[in-house]
Amino acid sequence: MADLAEIQFLAKRKKEIIDNCPECHGRDLGCACYKSYRVELRKMDSGMPRKFWNYQLPDPKTVSLDRLRVVLGKLQAYTIDLKANLENGVGLFMYGPSGTGKSALACSILCKYFELGATGTFQEFERYITTSLHSREDYRIYDEIKTDLHEVPILVLDNIGYEGVQSIKWMAATIATNFEALLRHRSNFLKPTIITTSHEDLKFFAQAYGECVLSLLTEKNVLLNMTGLPDFRKENGCAQKKTTIKSK
Ligand SMILES: Nc1ncnc2c1ncn2[C@@H]1O[C@H](COP(=O)(O)OP(=O)(O)OP(=O)(O)O)[C@@H](O)[C@H]1O
Ligand SMILES: [Mg+2]
Ligand SMILES: [Zn+2]
């Protein structure tokens, strides 16, 4: 659900994009400005964190870090034919240490799908888990979120593996079952899923959710290892170095 800050942000963007459009000054519904504004609306509808709304996938040529250039090169290759990825269910599996930019980059890819005209959902995995565990008490809650996550054309599942309830047996079993059902359905219907995680050892996923989940996670997705990149939170925070991700 949109909060006040999001509504204000959108109103500002509408003014900038549509009302001040040099082509139509907001008068032509068929103008490209309306298309651009629809992308902004999709960002809000998707549940994408607002801090990432303005991130764009950086051009690998513009970055100085070798490791980052390699990662961005792979992402750029993934974006060359997003339409084919959308039709064939090819997603991304981004893994690596905290602060290396996984969520930011996942959002920049989601935006590219929005520009293509697709809709999508950004879901923090921990919240998905909480909701699916609630479903033991009220199935309707789970049904609602399930319908969206199973069917949405593009799904970002952010930060999997940190829900921290693996030690409780029935919870771990419910999570594994629901997660497998979600991945299986999306795989069967060729719907891409973009996953981010800080677990660098893929064996973790087999242990936590079962071999089948690991198999589904890696089935078609492009694997992107972010290990070796710095923690940009520290870099940006302490040294005040300017980021390599450009704002609009
Ligand atoms: N390539 C980059 N250059 C500079 N800053 C970046 C870059 N990528 C991301 N950032 C910044 O670093 C911060 C951390 O990025 P992000 O939240 O995407 O990391 P993460 O890998 O998802 O971390 P976590 O595993 O903790 O969720 C963001 O606030 C973003 O502003
Ligand atoms: Mg993250
Ligand atoms: Zn216009």
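Reading guide: rules and limits
Residues numbered from 1 in each chain as written. Chains lettered and ligands numbered in written order. Predicted model: local features only at pLDDT ≥ 70, side-chain atom pairs only at ≥ 80, totals over all residues. Pairing = 2+ DSSP bridges. Helix = DSSP H or I, 4+ residues; strand = E, 2+ residues; numbered from the N terminus. Axes fitted to C-alpha atoms, helices over the stretch in contact; angles between N-to-C directions. Buried ≥ 20, exposed ≤ 12 C-beta atoms within 10 Å, placed from the backbone. Contact = placed C-beta atoms within 7 Å. Parallel < 35°, antiparallel > 145°, perpendicular 65-115°, else oblique. Left-handed = near helix turned anticlockwise from the far one by under 90°. Nonpolar A, V, L, I, M, F, W, Y, C, P; charged D, E, K, R; others polar.

J.: I'd like to hear about the sheet that holds strand β2 (residues 120-124), residue by residue, with values.
T.: Spatially, β2-β3-β4-β1-β5 is the arrangement adopted by the five strands of the open sheet, whose pairing is parallel. The sheet terminates laterally at β2 and β5 (222-225), the two strands that pair on one side only. Averaged over all adjacent pairs, the angle separating strand axes in this sheet is 10 degrees, with direction ignored. Looking at chain direction, strand β1 (residues 92-95) and strand β4 (residues 193-197) are connected through four bridges and run parallel.

J.: Describe in detail unusual backbone geometry, supporting the description with residues and values.
T.: For histidine 25, which is not glycine, the phi dihedral falls at a positive 50 degrees. On the basis of neighbour counts, which here come to 12 C-beta atoms within 10 Å, the residue histidine 25 falls in the exposed class. Backbone geometry places asparagine 159, a non-glycine residue, at a positive phi of 65 degrees. With respect to the helices and strands, the residue asparagine 159 is situated in the loop between β3 (154-158) and α8 (169-188). Owing to 20 C-beta atoms within 10 Å, asparagine 159 belongs among the buried residues under this scheme.

J.: Give me the lowdown on the environment of leucine 82, citing residues and values where you can.
T.: Following the sequence through the fold, leucine 82 ends up in helix α4 (residues 82-88). For the pair leucine 82 and lysine 112, spaced 30 residues apart in sequence, the C-alpha to C-alpha distance is 8.1 Å. Contact partners of leucine 82, with chain neighbours within four places excluded, come to Lys112, Tyr113 and Leu116.

J.: Before we move on, can you summarise the packing of helix α1 (residues 4-19) against helix α2 (residues 32-46) with the specific residues and values?
T.: Pairs of packed helices are described in terms of their axes, by the angle between the two and the distance that separates them. Interaxial distance between α1 and α2 falls to 9 Å at its minimum, and their mutual angle equals 170 degrees. One element, α1, and the other, α2, form an angle in the roughly antiparallel class. In this structure, α1 meets α2 at a crossing whose hand is right-handed. Contacts between α1 and α2 involve Glu6, Leu10, Arg13, Lys14, Ile17 and Ile18 from the first element and Cys33, Tyr34, Ser36, Tyr37, Glu40 and Met44 from the second. By residue class, the composition of the contact of α1 with α2 is seven nonpolar, one polar and four charged.

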